[in-house]
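# Per-entry structural report
This is what each chain is made of:
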Amino acid sequence: MARTKLQISRRNFLKSSLLSAAALSISSCSAQPLATVLNQNGLRLPWFRTGEIKTTYNYCDMCPWRCGIVVKSVDGQIYKVDGNPADPKSRGMLCARGQAGPSFVYDPDRLRAPMIRTGARGEGKFKEVTWAEALDYTAEKLKITGQAFGPEAVAVFGHTSGDFWFTDYFAQAWGTPNAAKPSSSLCTSPREEAAKLTYGLPIGGHEPVDWDAINCIVLIGSHIGEDARNTVMQDFANAWARGAKVIVVDPRFSNVAAKADYWLPIKPGTDTALLLAWLNVLINEERYDKAYVADWTTGLEALAAHVAPFTPEWAAEITDLPAESIRATARLMADNLPQAAIIPGRHVTWYGNDTQRMRAIYMINALLGAYGREGGIYFSKSPYIEAYPHPPFAVTGSSGGCSAEPGQESAELPLGPTGKARADGARTNFLRGATAMQELIPPMISGEPYPIKALIVYGVNLLNSIPNPQRTIEALKKLDFVLAVDVLPQEHVAWADVVFPEATALERYDELWVVAHKTPYIAMREPAIEPLYDTKPAWWMVRELGLRLGMEPYFRWETAEEYLDARLLSIGSSLDKMRQTNGVIVQQGKPYFEDFAGESPFPTASGKIELYSDELASAGFEPMPTYEPVAEPPAGYFRLLYGRHPVHTFAKTQNTPLLNELYPENELWLNEDEAGRQGITNGQYVWLENQDGARSGPIKVKATQRIRSDAVYMVHGFGQNAPELSRANGQGASDTKLQTTYALDPISGGAGMRVNFVRIVKEV
Amino acid sequence: MTTYAFLLDLGRCIGCQACVAACKTGNELSPGVQYIHISEQTRGVFPALQSSIKNHRCYHCADAACVAVCPTGALYKEDGLTRLDASQCSGCAYCVDACPFNVPQLVNGRSNKCDGCAEVVKAGGQPWCVKTCPSNALMYGERETIMAEAHRRAEALRVRYPHAQVYGETQLGGLGVVMVLPDQPEQLDLPANPQIPAVLNTWQNVVQPASVGLLGFSLAFTGLAAIIARRNHKQEVAHLHVQNSAEETAAVQPDHANET
C-alpha cells in the first residue's frame, strides 16, 4: 500500500510542477501575473513591460531651451521622457533635467487646488476653494483695479513655456503694457539690443552658431556642460572632437575651460578691455576678412582709430592676462576666419555696461566675417505660421519681451487703453528693449510714473530671480492684489492673495513652440496624462478669466486643440497631421548670404553691420564700446559670481526629487590658497555677508584651484526660503538674496548682477 | 559568440549627468541608488590646471571578480557583459567586497549594479545612458566595432592630449566598457593594470573546485560508510538470529527461524 501511495503522489508532484512551469511561461506573455510573481519575490517588472506604452509629443519645460521630447506613459502613469529624434534641438537626446520631467510631475509638494489667502500676506495661510470661487474672486479684483487705475495698473510677470497665455495673450487682450519676462532684462536683453543695434537682427532663443563647420570657438563666461543646453552640448562636443580650437574666457576653470586650447582666467569685470585689445590686434595686424568688411560693414576707419590705444599690453594690465595670450588668441581666431566666432552668451546681464560689451563681441565677429558664413554665425529664420485670428489686442506690439517676432517690434512704445506706456522707465532710465521686469518693482512701491496695483506672477520665482528681493517684498506688501500661478509652492506664493495650481507641461496642451532656427520649425505639446489633482492648464485659466472680464471676443475658441488647429490650418496642418510627422514641422531656412540673392540680410539703416553706431551716438551714448572700470571688491570681500549646474534650471528644479538627489545643495567655490589663508577647509559650512549686510544661509565650501582668488562662485537658485518645498527649503545659499543691488544697463534695461561683494563669515 | 561593449569617451564627456538621470529613470532605480556616478578630477595649481570627468560605473570585466565569487550564479557573463539576476541573489555581498572598482552595492539585501540594460538591448534598443548622451561620449555595439572606434578616437585625441589612450582592451581580460582616456589612467584615478585579488583567484581556482571535490568525496564516503554500516548491521542481525534460534530450538520447536 505504502509504495503505491508514493508513486501516485510523485506523479502528482511532477504534473503540478509541469503545470506551474507552463503557467509561468504563459504569464510572462500577460504581464500582470508575472509582475505579481516578481513582486512576491521583492522584484519588479520594468515599466516598459507592464502594459501598453502610450507615446505623446511634447517640448520639454524643464529649462527654457525646450527640446522636443517623446513622453512614454503606461496606464495613466508617465515613466520616461526621451529626446524626439525628429526635433532639430534634441535630435533624440536629452539632458538630466529633461529626463527628470516625470519626477517634476510627481513631486508630492505640488500645489493641488486653487487657494485664497486667509492669513496675513506673506504668512502663507490659505484655504482651498473651487475653481469657480478662485476665478470669480480674481476677476472681481482685476476689474476693480482696472476701473480705478486703468488696465495698465496690472503687471503680468511670466516665465516657462506656458507664459504665453498670461504674459502675451491675456496681458495684451486685457490691455497692459506692463508684462515682462525674466529672460529679457535679467538675462539676454543686452545681447539682443546690441545685436539689433549692430547688425539689425536679434539673436533669438536659439543662438545661431554654425557649429557644424566652425573651427575656432570663443566662449566668454559660457560654461557649456554646466549650462546643460542639450543641443549646445551636442554641437560643442562634435566641433571639439572634430578639432575646432577653443578659447575660454572665465575667472573659473569651468568644465569647458578644461577642454579649451586657451583658458584666459580674466579678472572679473574687465571683459571689454580684452575685447578692445582683440579688435586692436585684428585691425593693427590686418588680420580680418577685408573683402567682407569692405562689403558689409560701416565705420571701420572710426573703429581703427578708436581701438588704436588699446594694445594687448594695455589690456594685460587691466585684465590680469598675459599680453602674449591676448595676442595669440586673437591670431588664432583670425587664422580660422570666417569659421571663427565669439559665441553670444545667454545670461549677459553682468555689470550694467553689457550692451556695449556685447557690441564689441559682435564687432569682432564682423571683422572675422562670421555673419552669414558657413562655420560662422548663420541667419536664423522664423517658421511661417499665422497667429490665431483674434480681434486686435488692446495693447498691440510686443509688450512681453522676447516673444516679438523679428522685424515686428515697434520703435514706439505700445500704449495701454488709457494712454499709458510701460512703467519700467524705457526711454527715460534706459534706451530700448523688452520690458525690464525689475524696473516694474519701483512703481509698485512709489506709484511713479503711475501706480501698479495688481500683479499676476506666472512661473517666475519672484524672490529667487529678481535682484534686490528685499525691495520686491516691500512691493508685494503694497500691492492691492497678487495672483500666483505655479506648479509648486515657491517662496513668493506665500505672498499671493489667490493661487492657481497649474498642470505641468506633460499634462496639458499648450501654444505651439515656434522656433527661429537654421531650419525653422514648429513643435507641439499634448498631454501624456490628465492633470493631477485639481490643476489646470494656463490656457484654460486665462480663458475663464477672460470670459468673466468681458473679453469674450478673444476667447471664441473653447479648447486648446481648437485654437491650435486654427493656427496650424494656416500652414495646411493640424495636430493630427503633426503627430504623423512626430510632432514637429520643419521648414526651409535662409542661413547664408547665398540665400539672399544679393539683397542685404542686415535690416539696419545702412543695410550693413554698423561698427560705428549713429543710433547710439544720436541717443547720447558712446558710438563704439569703451572700457569703463567697474567697482572693485572692498578689502576682505570677494566678487560674487554665479552660474549653472547641469542638473538644475534657475530656481525651478531644486525640489524635483530626482534632481534634488543628484545635487541637493550648492557649494561655494573658493580659491584653495585663499581658503588656506582664511583657515577654511574644504567641506566646511560658512555664511556669506554682502556689502550691505545681507546674510546667506550656510553653504558648503568647495576649496579649489579652479577659481581666481578675487571672486567666489555658486550655482544659482538655491537657498530658497519656502517651507512647503520639503526638499529645497533652506538648502544651500541664495545668490539672489546677496544681490541687494544691481547696475542698470542704460541701453537695454538689463540688471547687471555681478556688482555685489561678499565676505565669508565662519561663525554666526 | 558575439560580444558587446560600451564605448566611454572621456575626451568628449562634459559631465552633464544626462546618463545618470536616464539610467535612473529608465531602470526605475530607487532614491539613493545610482549605477553611474560622475565626478570631477582636477590636477595642477591655478592657473596651470587640468581637469577631466570621472565616470564611475560597472566596467563589465571579462574576468569579473563579482562573477567569480558569486555562489548562486546571480551574477554571470552574457554577450560580454556582466548580468545580474537579482532573484538568484542570496545577499552574501561577496561581489561587493570582490569588485576591484567598488561597483556592486547591496540594495534591499540584494546585489545591485548595471546589467547593461539587458532587457532593453535584447528588445533591440540602446542602453538608456547611451541613447541620451548629448556629447556622444557613449556608444554601444559589437566589441570589435567599439574597439576600432575607441582606437580611432584615441588617435584623434592625441593631437590635443599626447597621452590619450584606450583603456579596457586588455585589463581584466578586456573590459565591457572600453574607455578613451585623455591622459594616463593613473592620472584619472584608474589602475593601469587592475588585478583580481590573489585571494579571489585562490577562491575561484582552488577553494571552489576543492570544495566541490570535497563535497563529492564526503558524499561518496558517507555512502560507502552507510553501505558498510548496513552490511555490518545485517550481519549482526543475522548473527543474533542464528544465536536466538539456537536458543529457541533448545527451548521450543522452531518452525520459521529464518524468515526475517
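Keep in mind that what you see is a predicted model, and the values were worked out from it rather than measured. (Residues numbered from 1 in each chain as written. Chains lettered and ligands numbered in written order. Predicted model: local features only at pLDDT ≥ 70, side-chain atom pairs only at ≥ 80, totals over all residues. Heavy atoms only, no water.)

## A look at the side chain of Glu152(A)
Residues and elements named next belong to chain A. Considering the arrangement of structural elements, one finds Glu152 in the loop between α5 (131-149) and β6 (154-158). Buried and unpaired, Glu152 has no salt bridge, with Lys420 as the nearest side chain of opposite charge at 4.1 Å. Separated by 3.4 Å, the side chain of Glu152 and the backbone nitrogen of Lys420 make a polar contact. When residues no more than four places from it in sequence are discounted, the contact partners of Glu152 are Gly175, Thr176, Pro177, Asn178, Gly416, Pro417, Thr418, Gly419, Lys420, Tyr450 and Ile452. (Helix = DSSP H or I, 4+ residues; strand = E, 2+ residues; numbered from the N terminus. Buried < 20%, exposed > 50% of the residue type's maximum accessible area, 1.4 Å probe, protein only. Lys, Arg positive; Asp, Glu negative; His and termini not counted. Salt bridge = Lys/Arg side-chain N within 4 Å of Asp/Glu carboxyl O. Polar contact = N/O pair within 3.5 Å; in protein donor to acceptor, adjacent residues only side chain to side chain. Contact = heavy atoms within 4.5 Å.)

## With respect to the pattern of salt bridges
All names here are of chain A. Taken as a whole and judged by the stated rule, the model has 60 salt bridges over all chains. Residue Arg252 is joined to Glu226 by a salt bridge in which the shortest nitrogen-to-oxygen separation is 2.8 Å. Of this pair, Arg252 sits in the loop between β9 (245-249) and β10 (262-264) while Glu226 sits in the loop between β8 (216-220) and α8 (230-242), and the two are 26 residues apart along the sequence. Using a relative accessible area of 2% as the deciding quantity, one classes Arg252 as buried. What makes Glu226 buried here is its relative accessible area of 7%.

## Remarks on unusual backbone geometry
Note on backbone geometry: most residues besides glycine have negative phi, and most peptide bonds are trans. Glu448(A) connects to Pro449(A) through a cis peptide bond whose omega is -5°. Locating Pro449(A) in the fold gives a position in the loop between α15 (441-446) and β13 (454-458). A cis amide bond, omega 0°, links Phe46(B) with the succeeding residue Pro47(B). Turning to its location among the elements, Pro47(B) is positioned in the loop between β2 (37-45) and β3 (48-56). Phi is positive for Leu172(B), which is not a glycine, with a value near 50°.

## Looking at the pairing of strand β10 (residues 177-181) of chain B
Strand residues, when the strand is regular, have side chains that alternate between the two faces of the sheet. Residue and element names in this part refer to chain B. Counting buried positions over the five residues of β10 gives five, a clear majority of the element. The alternating pattern of β10 places Val177, Met179 and Leu181 on one face and Val178 and Val180 on the opposite face, and all of these are buried. In the sheet, strand β1 (residues 4-9) pairs with β10 via four bridges, with the strands oriented parallel. What sits directly across from Leu7, in β10, is Val178. Of the strand pairs in this sheet, strand β9 (residues 165-167) and β10 are connected by three bridges, and their pairing is antiparallel. If you follow Val166 over to β10, its bridge partner there is Val180. (Pairing = 2+ DSSP bridges.)

## Structural notes on the packing of aromatic side chains
Residue and element names in this part refer to chain A. Here the structure, examined in full by the defined rule, presents 46 aromatic pairs over all chains. Centroid distance Tyr169 to Phe393: 5.4 Å. Interplanar angle 85°. Geometry classified as edge-to-face. On the criterion of sequence distance, the pair formed by Tyr169 in helix α6 (residues 163-174) and Phe393 in the loop between α14 (354-367) and α15 is long-range, its members being 224 residues apart. Residues Tyr169 and Phe393 agree in their burial class; the two are buried. By way of ring pairs, the aromatic residues Phe164, Trp165, Tyr169, Tyr388, Phe393, Trp539, Tyr554, Phe555, Trp557 and Tyr563 are connected into one cluster. The ring of Phe104 carries Lys652 above its face, with NZ or CZ at 5.1 Å from the centroid. (Phe/Tyr/Trp six-rings, centres within 6.5 Å; stacked < 30°, edge-to-face > 60°. Lys NZ or Arg CZ within 6 Å of the ring centre and 35° of its normal.)

## Overview of the environment of Lys478(A)
All names here are of chain A. Summarising the element assignment, Lys478 is placed in helix α16 (residues 469-478). A residue is classified by how much of its surface remains accessible, and Lys478, at 48% relative accessible area, is partly exposed. Taking the C-alpha atoms as reference, Lys478 lies 6.9 Å from Met444; in sequence the two are 34 residues apart.

## Some words on the domain arrangement of chain A
Residue and element names in this part refer to chain A. Per the domain assignment, the segments of chain A are domain 1 (2-40), domain 2 (115-184 + 387-502 + 536-554), domain 3 (209-377 + 597-618) and domain 4 (638-761). Of note, the centres of domain 2 and domain 4, computed from C-alpha atoms alone, are 29 Å apart. The interface is formed by 24 residues belonging to domain 2 together with 27 residues belonging to domain 4. Carbon and sulfur atoms make up 56% of the surface buried where domain 2 meets domain 4, a total of about 1900 Å² over both sides. Broken down residue by residue, the surface that domain 2 buries against domain 4 is led by Asn464, Pro467 and Glu491, which jointly contribute 28%. For the interface between domain 2 and domain 4, the tally reads one salt bridge. (Domains from an automatic or database assignment. Buried area = accessible area lost by both parts, 1.4 Å probe.)

## Things to note about α5(A)
All names here are of chain A. Between its first and last C-alpha, α5 extends 27 Å over 19 residues, near the 27 Å set by a 1.5 Å rise per residue. Those residues of α5 lying buried are Trp131, Ala134, Leu135, Thr138, Ala139, Leu142, Thr145 and Gly146. Each buried residue of α5 lies within a common arc of 130° when the element is viewed along its axis, so the set occupies one face. Residues of α5 that are exposed and angled more than 90 degrees away from the buried face: Gln147 and Ala148. Just beyond α5, the residue with positive phi is Gly150, at close to 90°. (Expected span 1.5 Å × (residues − 1). Arc of directions from axis to C-beta.)

## Observations concerning the sheet that holds strand β7 (residues 179-180) of chain A
As a general point, the strands of a sheet are linked pairwise by backbone hydrogen bonds and lie either parallel or antiparallel. All names here are of chain A. A sheet is described by the order of its strands in space; here seven strands give the open sequence β5-β4-β15-β14-β13-β6-β7, paired in mixed fashion. Edge strands, defined here as strands with exactly one partner in the open sheet, are β5 (126-128) and β7. Two elements, β13 and strand β14 (residues 481-486), share five bridges in a ladder whose sense is parallel. Counterpart to Val457 in the pairing with β14 is Ala484. Each of β6, β7, β13 and β14 is contacted by α6, which is oriented at about 160° to β6, the strand it contacts most. (Axes fitted to C-alpha atoms, helices over the stretch in contact; angles between N-to-C directions.)

## So, the interface of chain A and chain B
It is common to report an interface's size as the accessible area lost on association of the parts. Of the residues lining the interface, 51 residues belong to chain A; the matching set on chain B comes to 47 residues. Buried surface at the junction of chain A and chain B, summed over both partners, amounts to about 3800 Å²; 57% is from carbon and sulfur atoms. Interface area lost by chain A to chain B is led by Trp240(A), Glu661(A) and Gln705(A), which between them contribute 15%. Linking chain A to chain B there are five salt bridges. Residues Arg160(B) and Asp261(A) are paired through a salt bridge, measuring 3.4 Å at the closest nitrogen-oxygen approach. In this assembly, chain A and chain B are joined by 20 residue pairs in polar contact (both at pLDDT 80 or more). Broken down by secondary-structure element, the contributors of at least two residues to the side of chain A that touches chain B are β3 (77-83), α3 (96-99), α8, β9 and α21 (657-662) of chain A. Here the side of chain A that touches chain B gets eight residues from one element, more than from any other, and that element is α8(A).

## Comments concerning a negative patch on the surface
Residue and element names in this part refer to chain A. A cluster of acidic residues, Asp212, Glu374, Glu594 and Asp595, forms a negative patch at the surface. Tracing the chain through its elements places Asp212 in the loop between α7 (182-199) and β8. A residue is classified by how much of its surface remains accessible, and Asp212, at 59% relative accessible area, is exposed. (Patch = residues over 30% accessible without salt bridge, like charges linked within 9 Å, V, L, I, M, F, W, Y side chains within 5 Å. Areas by Shrake-Rupley, 256 points an atom, 1.4 Å probe, with all protein chains shown as cover. Charge placed at Lys NZ, Arg CZ, Asp CG, Glu CD.)

## What about the side chain of Thr138(A)?
Tracing the chain through its elements places Thr138(A) in helix α5. Dropping the residues within four chain positions of it, Thr138(A) is found in contact with Phe481(A), Leu483(A), Val498(A), Phe500(A) and Leu545(A).

## Comments concerning empty space enclosed by the protein
Gaps between atoms show up when a probe of the same size as a water molecule is rolled over them. Residue and element names in this part refer to chain A. Tallying each qualifying case throughout the model produces 10 cavities of 30 Å³ or more. Quantified by volume, the largest cavity comes out at close to 190 Å³. Along its surface, the largest cavity is lined by 17 residues, and Gly221, Asp250, Pro251, Leu641 and Arg754 are the ones closest to its centre. Tallied by class, the residues present in the lining of the largest cavity amount to 10 nonpolar, three polar and four charged. Taken together, domain 3 (209-377 + 597-618) and domain 4 (638-761) each give at least three residues to the lining of the largest cavity, which thus spans both. (1 Å grid on protein atoms, 1.4 Å probe; cavity = no way out; pocket = protein on both sides within 12 Å on 5 of 7 lines; lining within 4 Å. Points joined across faces, edges and corners; volume = space filled by probe spheres on them. Nonpolar A, V, L, I, M, F, W, Y, C, P; charged D, E, K, R; others polar.)

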